Amino acid sequence: MAGIISPSPTALYFTSNLGGRRLKAVSWAGKSVSGKVIRRRHLRIAAEVKFVNAEEAKKLIAEEGYSVVDVRDKTQFERAHIKSCSHVPLFIYNEDNDIGTIIKRTVHNNFSGLFFGLPFTKMNPEFLKYVRNEFPQDSKLLLVCQEGLRSAAAASRLEEAGYENIACVTSGLQSVKPGTFESVGSTELQKAGKAGLITIQGQISAVLGTVLVCAYLFIQFFPDQAEKLFPPTS
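As a starting point, this report considers the structure included with it. Since this is a predicted model, take the numbers as computed values, not measurements.

**Let's talk about the state of the cysteines**
Part 1 of the reasoning: In this structure the tally under the stated criterion is zero disulfides.
Part 2 of the reasoning: Free of any disulfide, C168 has its nearest cysteine sulfur in C145, 7.8 Å distant.
Part 3 of the reasoning: In this structure C168 comes out as buried when scored by relative accessible area, which is 1%.

**Comments concerning the packing of helix α5 (residues 127-134) against helix α6 (residues 149-160)**
Part 1 of the reasoning: Contact geometry of α5 with α6 gives a least axis separation of 11 Å together with a crossing angle of 70 degrees. By the angle between their directions, the pair α5 and α6 is classed as roughly perpendicular. Crossing of α5 over α6 shows right-handed handedness. Across the interface between the two elements, F127, L128 and V131 from α5 touch A154, R157 and L158 from α6.
Part 2 of the reasoning: Taken together, the residues of the contact of α5 with α6 sort by class into five nonpolar, no polar and one charged.

**Here we look at the sheet that holds strand β11 (residues 165-169)**
Sheets are built from strands that pair by backbone hydrogen bonding, the pairs being arranged parallel or antiparallel.
Part 1 of the reasoning: Reading across from one edge, β4-β11-β10-β5-β7 is the order of the five strands in this open sheet, with parallel pairing throughout. Edge strands, defined here as strands with exactly one partner in the open sheet, are β4 (50-52) and β7 (86-87).
Part 2 of the reasoning: Of the pairings in the sheet, the one linking strand β5 (residues 67-70) to strand β10 (residues 140-144) comprises four bridges and is parallel in character. The partner of D70 across the bridge, within β10, is V144.
Part 3 of the reasoning: Of the strands in this sheet, β4, β10 and β11 are in contact with α6, which crosses β11 at around 170 degrees.

**Considering the pairing of β11**
Each regular strand displays side chains that alternate between the two surfaces of the sheet.
Part 1 of the reasoning: Burial within β11 is extensive, with four of its five residues counted as buried.
Part 2 of the reasoning: Strand direction decides the pairing type here: β4 and β11, joined by three bridges, are parallel. Within the sheet, the bridge partner assigned to V52 lies in β11 and is V169.
Part 3 of the reasoning: Sheet analysis places β10 next to β11, joined by four bridges and oriented parallel. Bridge assignment links L143 to a residue of β11, and that residue is C168.
Part 4 of the reasoning: Read from β10 through α6 to β11, the crossover connection turns out right-handed.

**Considerations on the pattern of salt bridges**
Part 1 of the reasoning: A complete count under the given rule lists six salt bridges for this structure.
Part 2 of the reasoning: For E182, the salt bridge identified is with K83, shortest N-O distance 3.2 Å. Of this pair, E182 sits in the loop between β11 and β12 (183-185) while K83 sits in the loop between β6 (80-82) and β7, placing them 99 residues apart in sequence.
Part 3 of the reasoning: The exposure class assigned to E182 is exposed, which follows from its relative accessible area of 55%.

**So, α6**
Part 1 of the reasoning: With twelve residues, α6 extends 17 Å between its outermost C-alpha atoms, agreeing within 8% with the 16 Å of an ideal straight helix rising 1.5 Å per residue.
Part 2 of the reasoning: Every buried residue belonging to α6 is among R150, S151, A154, A155, L158 and E159, and all of these are buried.
Part 3 of the reasoning: Phi for G162, located one or two positions after α6, is positive at around 110 degrees.

**Points about helix α1 (residues 54-64)**
Part 1 of the reasoning: Along α1, the residues classified as buried are A54, A57 and L60. Around the axis of α1, the buried residues are gathered within 115 degrees of arc, so they sit on the same side. Away from its buried face by more than 90 degrees, α1 exposes K59, A62 and E63.
Part 2 of the reasoning: Close packing links the buried residues of α1 with β4, β10 and β11.
Part 3 of the reasoning: Its side-chain oxygen placed 3.1 Å from the backbone nitrogen of E55, N53 serves as the N-cap of α1.
Part 4 of the reasoning: Of the residues one or two after α1, G65 is the one with positive phi, at around 75 degrees.

Cut-off values and rules
- Counting of residues starts from 1 at the beginning of each chain's written sequence and follows it residue by residue.
- Note on the predicted model: pLDDT of at least 70 is required for a residue's local features to be given, and 80 or more for side-chain atom pairs to be given and counted; whole-chain, interface and lining totals, by contrast, use all residues.
- The basis for every side-chain value is the complete set of heavy atoms in the structure, and neither hydrogens nor water enter the calculation.
- Any two cysteine sulfur atoms within 2.5 Å of one another count as a disulfide.
- Note on classification: 1.4 Å probe, protein chains only; a residue is buried when its accessible area is under 20% of the maximum for its type, exposed when over 50%, partly exposed between these limits.
- Only the contacting stretch of a helix is used when fitting its axis, a line to C-alpha atoms as for every element, and angles between N-to-C directions run 0 to 180 degrees.
- Helix and strand assignments come from DSSP, with helices taken as H or I runs of at least 4 residues and strands as E runs of at least 2, each series counted from the N terminus.
- Should an angle fall under 35 degrees it is taken as roughly parallel, and over 145 as roughly antiparallel, whereas 65 to 115 is taken as roughly perpendicular and any remaining angle as oblique.
- In this scheme the crossing of two helices becomes right-handed for a clockwise turn of the near helix relative to the far one and left-handed for an anticlockwise turn of less than a right angle.
- What makes two residues a contact is simply this: any of their non-hydrogen atoms within 4.5 Å.
- Under the grouping applied here, Gly and all other residues not named as nonpolar or charged are polar, the nonpolar ones being Ala, Val, Leu, Ile, Met, Phe, Trp, Tyr, Cys and Pro and the charged ones Asp, Glu, Lys and Arg.
- In short, DSSP must find at least two bridges between two strands for them to pair.
- If the strands point away from the viewer and the path from the first strand over the helix to the second runs clockwise, then the crossover is right-handed.
- We count a salt bridge whenever a side-chain nitrogen from Lys or Arg sits within 4 Å of a carboxyl oxygen from Asp or Glu.
- Each residue after the first adds 1.5 Å to the expected span of a helix.
- In this description, one arc is meant: the one made by directions from the helix axis to the C-beta atoms.
- Nitrogen and oxygen atoms within 3.5 Å of one another constitute a polar contact, given that in protein one can donate a hydrogen and the other can accept it, and given that sequence-neighbouring residues count only through two side-chain atoms.

Structure follows, in structure tokens:
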């Protein structure tokens, strides 16, 4: 039908470097005339996401007025977070109860969850909504996570949504030295990602080592008693 306008763009775009900013060309389907779709192109200047270290991040907060947005899951956030930051998780707990999710959650909890303390999560469908409710598009946002991966992904989504003043801490909070930021929680920022059995691996190894050493010494110095306790099998 002639005159029908596509309700959404086909999201074909490319970028080219222009100093510290980018020229972005976006194409989308416009009017359809006699069965031919006319493509329209829109050009806009978009800012590059800044990737900074902890000290540079501290300056952005103190001198340039950046607001800290922590995009980690609830568990890591509660262990330790930068004081006065906003918490908008990119991933949330996956509590869906379809059979596929139940199987995946069970496998996850018995491996990654048990050994590394990682929660079973899914993408937060309301991430952009929560950010928009708290911060206008001209806000200066410093995104943080534990390793730097989630903050980079969140920055990409916010950039596509029109936010142009975005910075991320390279390698995440795990690279932050103690005392760099004033923090809240039961542990230090760089340790907030550690949980599960891996956190007591050293203690377990020490206990097992002590038991084995004691058993060896007992056998060496008290062979008769050891033979009674551990009779040889025929």
